[in-house]
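# Observations on chain architecture
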Amino acid sequence: MEIERKFLLKHVPENLDSYSCYIIEQAYLCTDPVVRIRRQNEDYYMTYKGSGMMSREEYNLPLHKEAYEHLLPKTDGNVISKKRYLIPLAKEEINPECLSLLGDTPLTIELDEFAPPFAPLLLAEVEFPNEEAARAFRMPDWFSEDVTQDVRYHNSYMSRQNF
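The sections below set out a description of the structure shown in this document.

## Section: the overall build of the protein
Secondary structure assignment for the protein yields four helices and ten strands. When the helices and strands of the protein are placed in sequence order, the string is β-β-β-β-β-β-α-β-α-β-β-α-β-α. For the protein, whose C-alpha radius of gyration is 16 Å, the value lies close to the compact-globule estimate of 15 Å for 163 residues. By principal-axis analysis of the C-alpha atoms, the protein measures approximately 45 × 30 × 30 Å. Relative to its full complement of 163 residues, the protein shows a buried share of 46%. For the protein, the accessible surface area stands at approximately 8,800 Å², while carbon and sulfur atoms represent 51% of it.

Quick look at the structure:
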């Protein structure tokens, strides 16, 4: 089960380059249901995602490079390329209502910096262990808008846009 919220940003942290990151390329074999292939640095996956906006089933299967390269020309729409920064949230940065629902689960902001044709889009995602914590979470002041329920910010939707 994937439980996540998505946010637009006012600005990025000044020290963004100090965080670990992945280079991601992903494309879609199908968008209803979502069947995605992804290269994340030198790791490869096929993902199935069920329906839903904040919560949905998600299954990741490992692929090898040759399988990914074989499937890539069979995908539809835009290939999405982005750099994903992993920004851990310290406990003191999380509002008490959310913190009490997390248990020992740390929260990490996954900040995506999209390459063309989606640049200069910046999108932050935060994954949660349960829906209660997700609903209780209050965004940091450098976030601008919660777009979890806005389909335009789902990568599967973006993959189908014409430029």
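## Observations concerning the pattern of salt bridges
Using the criterion set out here, one finds 13 salt bridges in the structure. In this structure, the salt-bridge partner of Glu-4 is Lys-6, at a minimum N-O distance of 3.7 Å. Across the pair, Lys-6 and Glu-4 agree in class, each one buried. The closest approach of N and O atoms between Glu-125 and Lys-6, which form a salt bridge, is 2.8 Å. Of this pair, Glu-125 sits in strand S9 (residues 122-127) while Lys-6 sits in strand S1 (residues 2-9); the two residues are 119 residues apart in sequence, bridging distant segments of the chain.

## Some points on the side chain of Thr-47
By the element assignment, Thr-47 lies in strand S4 (residues 43-49). Only 2.4 Å separates the side chain of Thr-47 from the side chain of Asn-60, close enough to count as a polar contact. Ignoring any residue separated from it by four or fewer positions in sequence, one finds Thr-47 in contact with Val-34, Val-35, Arg-36, Glu-58, Tyr-59 and Asn-60.

## Things to note about the pairing of strand S8 (residues 107-114)
Where burial is concerned, most of S8 is hidden: six out of the eight residues are buried. Judged from the eight bridges that link them, strand S7 (residues 76-89) and S8 form a sheet pairing that is antiparallel. Residue Pro-88 lies in a different strand from S8, and its bridge partner there is Thr-108. Judged from the five bridges that link them, S8 and S9 form a sheet pairing that is antiparallel. By the bridge assignment for S9, Leu-111 is matched with Ala-124.

## Describing unusual backbone geometry
Here Asp-32 and Pro-33 are connected by a cis peptide whose omega angle stands at 5°. Along the chain, the position of Pro-33 falls in the loop between strand S2 (21-31) and strand S3 (34-40). In the segment running from Ala-119 into Pro-120, the intervening peptide bond is cis, with an omega of 15°. Topologically, Pro-120 is positioned in the loop between S8 and S9. Here Asn-41, not a glycine, exhibits a phi torsion of approximately 55°, which is positive. Relative to the elements of secondary structure, Asn-41 occurs in the loop between S3 and S4. Taking the relative accessible area as the measure of exposure, Asn-41 reaches 30% and is therefore partly exposed.

## Topic: the environment of Asn-60
As for its placement among the helices and strands, Asn-60 is situated in strand S6 (residues 58-63). The partly exposed category is assigned to Asn-60, whose relative accessible area is 44%. Separated by 19 residues in sequence, Asn-60 and Val-79 place their C-alpha atoms 19 Å apart. Ignoring sequence-local partners within four residues, the contact set of Asn-60 consists of Arg-36, Met-46 and Thr-47.

What counts and what doesn't
- Residues numbered from 1 in each chain as written.
- Predicted model: local features only at pLDDT ≥ 70, side-chain atom pairs only at ≥ 80, totals over all residues.
- Heavy atoms only, no water.
- Helix = DSSP H or I, 4+ residues; strand = E, 2+ residues; numbered from the N terminus.
- Rg over C-alpha atoms; globule rule 2.2 N^0.38 Å.
- Buried < 20%, exposed > 50% of the residue type's maximum accessible area, 1.4 Å probe, protein only.
- Areas by Shrake-Rupley, 256 points an atom, 1.4 Å probe, with all protein chains shown as cover.
- Salt bridge = Lys/Arg side-chain N within 4 Å of Asp/Glu carboxyl O.
- Polar contact = N/O pair within 3.5 Å; in protein donor to acceptor, adjacent residues only side chain to side chain.
- Contact = heavy atoms within 4.5 Å.
- Pairing = 2+ DSSP bridges.

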